[in-house]
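# A look at the structure
Each chain is listed here by its residues.
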Amino acid sequence: MTLTDETLRPGDALVVVDVQKDFCPGGALAIDGGDEVIPVLNRWIDAAVAANVPVYASRDWHPADHISFKQRGGLWPPHCVQDSDGASFHPELRLPESTVKITKGVRFDQDQNSVFDQTGLATRLRHDGVKRLFVGGLAEDVCVLASVLDGRRAGFDVVLIPDATRPVTVDGGEKARREMRDAGAKL
Ligand code: VGL
Ligand code: ZN
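Attention here is on the structure that accompanies the text. (Residues numbered from 1 in each chain as written. Chains lettered and ligands numbered in written order. Predicted model: local features only at pLDDT ≥ 70, side-chain atom pairs only at ≥ 80, totals over all residues. Heavy atoms only, no water.)

Looking now at the coordination of the zinc ion (ligand 2). For the zinc ion (ligand 2), every protein donor is listed as D60 (OD), H62 (NE2) and H79 (NE2), and the spread of their distances is 2.0 to 2.1 Å. Taken together, the four donor atoms coordinating the zinc ion (ligand 2) span angles of 88 to 172° at the metal, a pattern that classifies the geometry as irregular. Mapped onto the sequence, the donors of the zinc ion (ligand 2) take the spacing D-x1-H-x16-H. Note that H62 is positioned in the loop between β2 (55-60) and β3 (100-104) and H79 in the loop between β2 and β3, a separation of 17 residues in sequence. Using a relative accessible area of 0% as the deciding quantity, one classes H62 as buried. (Donors = N, O, S within 2.8 Å, 3.2 Å for Na, K, Ca; no water. Tetrahedral: all angles 85-135°; square planar, octahedral: opposite > 155°, others 65-115°. Helix = DSSP H or I, 4+ residues; strand = E, 2+ residues; numbered from the N terminus. Buried < 20%, exposed > 50% of the residue type's maximum accessible area, 1.4 Å probe, protein only.)

Written out as structure tokens, the structure reads:
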């Protein structure tokens, strides 16, 4: 990536996916090195604020006994239960006050991995004049992947910030990067 490509400019947005305590070491669905994305994202947040580029941050926000939890036949241990400590944004993530927050995973009948899934986010981004998304967060092979693919489908240019994301599994991360590249995302 050239310096020009990396520079934030009007029409860009920074999208921070699910940097919550439960996805970091010590959390209910801890991702290896999940907390290592935080200092990287803080630098991107500073750059976004300096360039007057808006910041959007999603949170996974499940009802208790959510359909995605193992006890309900889902894939995951219980995590990011609404209003629990683990569902909070990681305290070291320095989100500006102007951050637009996206809440997802609230449906009783299905999971929502993508930040675009039934949130109205594409409409909001277009309203805000956004054309290109810089994306980081957790997890690379689950919610980041789904969000990047949906962002491309919705017609946005998408840049994944590689050192600002971590996968649940190494294999999953490699596959996710291939899929994102094939969908036209820049890495
Ligand atoms: C996520 C697993 C379950 C994520 C959310 O944010 O990537 N992963 N729920
Ligand atoms: Zn979840």
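The local shell around ligand 1 consists of D18, F23, L29, D60, W76, H79, L138, A139, V142 and C143. Within the side chain of D60, a nitrogen or oxygen atom sits 3.0 Å from a nitrogen atom of ligand 1. The backbone of C143 places a nitrogen or oxygen atom 3.1 Å from an oxygen atom of ligand 1. Here ligand 1 occupies the largest cavity. (Near = heavy atom within 4 Å. Polar contact = N/O pair within 3.5 Å; in protein donor to acceptor, adjacent residues only side chain to side chain. 1 Å grid on protein atoms, 1.4 Å probe; cavity = no way out; pocket = protein on both sides within 12 Å on 5 of 7 lines; lining within 4 Å. Sits in = over half its atoms within 2 Å of the grid points.)

Scanning the entire structure with this criterion turns up two cavities of 30 Å³ or more. If you add up the space inside the largest cavity, you get close to 100 Å³. Grouping the amino acids of the lining of the largest cavity by side-chain chemistry returns nine nonpolar, three polar and three charged. For the second largest cavity, the calculated volume is near 40 Å³. Lining of the second largest cavity is provided by V15, V115, F116, L121, L125, L133, V135, S147 and V148. When residues of the lining of the second largest cavity are traced back to their parent elements, those giving at least two are α3 (121-127), β4 (132-138) and α4 (143-153). When grouped by side-chain class, the residues that make up the lining of the second largest cavity number eight nonpolar, one polar and no charged. (Points joined across faces, edges and corners; volume = space filled by probe spheres on them. Nonpolar A, V, L, I, M, F, W, Y, C, P; charged D, E, K, R; others polar.)

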